Amino acid sequence: MVINTARLFQNSRVYWLAFIAYWGIVLFGYDTGVAGGVVQSEYFQIKFGVRPANGIGVDQGRIDDVSSNVVSVLQGGAFFGALSSAPVSAWIGRRKTLLAYTLIFSVGAVLTTVAGGSGNRGLGYIYGGRVVSGFGIGGISAVAPAYVSECSPKDVRGRITGMFQIMVAIGVMISYFINFGIGLHIHNSPAIWRIPFGFQLVPAGIMAFGLLTVRESPRWLASKDRTGHALANLAYLRKMPPDSEEVRYELAEIEAALAEEREARANLGLREAFLGHGNYIRFLIAFFIFFLQQWCGQNSVNYYAPQIFTSIGYTGSTNSLLAAGIYGVVKVIATSIFIFFFVDAWGRKPSLFVSAMGMGILFFIVGAILKTHPPASTPQPNPPASGRAMAAMIYIYVCFYSMGWGPLPWVYVSDIFPTRTRHYGLATASSSQWLWNFVVSKVTPTIHTRLGYKMFLMFAALNIGAMAPFALLIPETKGRSLEEMDIIFGSVSADDRAANIARQEREFTNAKTDVVSEHSDSLDNKTDKV
């Protein structure tokens, strides 16, 4: 696929906006990946009373519980943050909402960083900080895709919106390598958790200051009847004059969709958002697409990568952390290639289907090898051939994840909702994502300990038996504008939409003519006076 260079530069302001908004998504990836490596440290476990200092009477169940709590409370806070983001972003706008949730996140980052010092700053600080950080991340994860989607032109919307998953992958990769570096050089110091948790403030600061350089969503402004401001922002993002035909048509399309929604769903409130004609199925899709995404197995590997690689033969913290770091690099590269070259060429349905089938087949292979060639019970300096084979299958697995079920759920749910209910739709999707994220992150250590190789077989069955059929049942959205989604889901007919767009264009043309006429009359009056 050839990228149109001229079009790329014309959309440079949109790419910059996405780059800034998605620094919050780096936090999303970083925070979800960093905790598994931190809680694996024996020093951390001893310092916070999880493991006895003499190494006698180690309770693996207790270690699993604390590990799952440290990882999963973030998702618990994120669930409520995502829910709260809908009314906030509808009230004050996307940009200000992102800034507010970034500041909330930073408070949580400070709490986790200062834990374990003098006084009684124990696990309570870690748990509390993770909940507060999660609340911030939940709000960001719900609002950022809507903000970016509403500002993006339809021909590159999939690529720009899909940058969400690239930033998640980058955040995870950074967390793995920070843990790897600490595992190599720091063994008995509070820096084991303070450096990883403190580093969260770097992307948070970049995002907070970067948000001061971008503009509010034109679609949100139009929904608040601030048409002049919406036109100015839309023209700015498209690098075109406000009176250009393309900008006027796009704003007319937005206004037509808003007018239809207001006329058809006036005074319906939350009932309108969730049960309005053509909306119910969209909310079901948004909920279940993230339910399935969380149970594909990737997040179990993502959150507990060092432990997973240890279980397949990469014993020793250095080996397991390095294998996890390579996993993060593969994920970033695979996601980037798919988003920039294939997401708008292949379509949503075929990508999701092939992705699910590939992941399922590879996890069946991993489960079978782990069953027939279990790793040695004693640590080995180098992983066995079977361990290297399973690691290779996991690396290929994440490539299939990155070409479908990683980035596309966010792209898809950003595609399907109309402007007036998009914040509710994205909040529902994000809440579902965080709810099942919480469940998966909480139960993974227990499943991993009790099921062993059967865990991979379970995820493989879900990929092929549930996710692949789901991909075949949902409608295709590739190359369709946000306003066309109402036609796809039956909220309005194609003929009615065309008529409404034509009417809005006439109104804009008449308004422009009136302004020009008034200006000419004013000049004539001044000339007469002279």
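Residues numbered from 1 in each chain as written. Predicted model: local features only at pLDDT ≥ 70, side-chain atom pairs only at ≥ 80, totals over all residues. Heavy atoms only, no water.

A.B. asks: Describe the overall build of the protein chain, naming the residues involved and giving the relevant values.
C.D. replies: For the protein chain, the count of helices and strands is 26 helices and zero strands. Residue burial in the protein chain is summarised as follows: out of 530 residues, 55% are buried. By sequence separation, contacts in the protein chain at least 24 residues apart represent 84% of the contacts at least 6 residues apart. (Helix = DSSP H or I, 4+ residues; strand = E, 2+ residues; numbered from the N terminus. Buried < 20%, exposed > 50% of the residue type's maximum accessible area, 1.4 Å probe, protein only. Contact = heavy atoms within 4.5 Å.)

A.B. asks: Describe the pattern of salt bridges, listing the residues and the values that go with them.
C.D. replies: As a working rule, side chains carrying opposite charge can pair if their charged atoms are close by. Using the criterion set out here, one finds five salt bridges in the structure. Ionic pairing is found between Asp 31 and Arg 130, a salt bridge with its closest N-O pair at 3.8 Å. Of this pair, Asp 31 sits in helix H3 (residues 23-40) while Arg 130 sits in helix H7 (residues 123-151), placing them 99 residues apart in sequence. Taking the relative accessible area as the measure of exposure, Asp 31 reaches 0% and is therefore buried. When its relative accessible area of 1% is taken as the criterion, Arg 130 is described as buried. Across the pair Glu 245 and Arg 248 runs a salt bridge, and its minimum N-O distance is 3.3 Å. Of the two residues, Glu 245 and Arg 248 are both situated in helix H13 (residues 245-264); the distance of three residues between them amounts to about one turn of the helix. (Salt bridge = Lys/Arg side-chain N within 4 Å of Asp/Glu carboxyl O.)

A.B. asks: Hey, could you go over the nonpolar core for me, with residue numbers and the actual values?
C.D. replies: By size, the foremost hydrophobic cluster in this structure holds 125 residues, and its most contacted members are Tyr 22, Ile 25, Leu 98, Phe 309 and Trp 405. Excluding residues that lie within four positions of it along the chain, Ile 25 makes contacts with Ile 140, Ser 141, Ala 144, Phe 164, Met 167 and Val 168. (Core = buried A, V, L, I, M, F, W, Y, C linked by side-chain atoms within 4.5 Å.)

A.B. asks: Lay out the packing of H3 against helix H10 (residues 201-210) in plain terms, naming residues and giving numbers.
C.D. replies: Two elements in contact, H3 and H10, have axes whose closest approach is 8 Å; the angle formed by their N-to-C orientations is 160°. One way to sum up the angle between H3 and H10 is to call them roughly antiparallel. Regarding H3 and H10, the two cross each other, and that crossing is left-handed. Within the contact between the two elements, H3 uses Trp 23, Gly 24, Val 26 and Leu 27 and H10 uses Pro 203, Ala 204, Ile 206 and Met 207. (Axes fitted to C-alpha atoms, helices over the stretch in contact; angles between N-to-C directions. Parallel < 35°, antiparallel > 145°, perpendicular 65-115°, else oblique. Left-handed = near helix turned anticlockwise from the far one by under 90°.)

A.B. asks: Pulling in residues and values, what's your account of helix H15 (residues 280-294)?
C.D. replies: Note on helix geometry: an α-helix contains 3.6 residues per turn, so any two residues three or four positions apart are oriented the same way. Between its first and last C-alpha, H15 extends 22 Å over 15 residues, near the 21 Å set by a 1.5 Å rise per residue. Taken residue by residue, H15 has Arg 282, Phe 283, Ile 285, Ala 286, Ile 289, Phe 290, Leu 292, Gln 293 and Gln 294 as its buried positions. (Expected span 1.5 Å × (residues − 1).)

A.B. asks: Can you lay out the packing of aromatic side chains for me, pointing to particular residues and giving the numbers?
C.D. replies: Tallied over the full model, the rule gives 23 aromatic pairs. The interplanar angle of 40° and the centroid separation of 4.6 Å between the aromatic rings of Phe 44 and Phe 48 together place this pair among those described as tilted. In this structure, Phe 44 and Phe 48 share a single accessibility class: buried. Three or more aromatic residues joined by ring pairs make a cluster, and in this case those are Tyr 43, Phe 44, Phe 48 and Trp 193. One residue, Arg 13, lies across the ring of Tyr 236, its end atom 4.1 Å from the ring centre. Directly above the aromatic system of Tyr 236 lies the positively charged group of Arg 215, at a separation of 3.8 Å from the ring centroid. (Phe/Tyr/Trp six-rings, centres within 6.5 Å; stacked < 30°, edge-to-face > 60°. Lys NZ or Arg CZ within 6 Å of the ring centre and 35° of its normal.)

A.B. asks: Describe helix H12 (residues 227-238), listing the residues and the values that go with them.
C.D. replies: With twelve residues, H12 should reach 16 Å at 1.5 Å per residue; the first-to-last C-alpha distance of 16 Å fits that figure. Buried within H12 are the following residues: Ala 230, Asn 233, Leu 234, Ala 235, Leu 237 and Arg 238. Lys 239 sits one or two positions beyond H12 and adopts a positive phi of about 55°.

A.B. asks: Residues and numbers for the side chain of Ser 67, please.
C.D. replies: Here Ser 67 lies in helix H5 (residues 60-92). Overall, the relative accessible area of 7% leaves Ser 67 in the buried class. Setting aside chain neighbours within four positions, we find Ser 67 in contact with Val 39 and Tyr 304.

A.B. asks: With reference to specific residues and values, describe the environment of Val 332.
C.D. replies: Inspection of the secondary structure assignment puts Val 332 in helix H18 (residues 317-341). Along the sequence, Val 332 and Val 398 sit 66 residues apart, while their C-alpha atoms lie 9.6 Å from each other. Those residues in contact with Val 332, other than ones at most four positions away along the chain, are Ala 169, Ile 170 and Met 173.

A.B. asks: I'd like a rundown of a nonpolar patch on the surface, residues and numbers included.
C.D. replies: On the surface, Val 110, Val 114, Tyr 125 and Leu 201 cluster together into a nonpolar patch covering about 280 Å² of accessible area. Along the chain, Leu 201 falls in helix H10. On the basis of relative accessible area, Leu 201 is assigned to the partly exposed category, the value being 35%. (Patch = residues over 30% accessible without salt bridge, like charges linked within 9 Å, V, L, I, M, F, W, Y side chains within 5 Å. Areas by Shrake-Rupley, 256 points an atom, 1.4 Å probe, with all protein chains shown as cover.)

A.B. asks: Which residues make up the environment of Met 167, and what are the values?
C.D. replies: By the element assignment, Met 167 lies in helix H8 (residues 157-185). For Met 167, a relative accessible area of 6% puts it in the buried group. Note: C-alpha distance between Met 167 and Leu 27 (140 residues apart in sequence) is 8.7 Å. Filtering out sequence-adjacent residues up to four positions away, Met 167 remains in contact with Phe 19, Tyr 22, Trp 23, Ile 25 and Val 26.

A.B. asks: Break down the packing of helix H20 (residues 348-372) against helix H22 (residues 408-416) for me, with residues and values.
C.D. replies: Axis separation between H20 and H22 bottoms out at 11 Å; the angle between their running directions is 150°. Relative to H22, the element H20 is oriented roughly antiparallel. The chirality of how H20 crosses H22 is left-handed. Across the interface between the two elements, Arg 348, Ser 351 and Leu 352 from H20 touch Leu 408, Pro 409, Val 411, Tyr 412 and Asp 415 from H22. When grouped by side-chain class, the residues that make up the contact of H20 with H22 number five nonpolar, one polar and two charged. (Nonpolar A, V, L, I, M, F, W, Y, C, P; charged D, E, K, R; others polar.)

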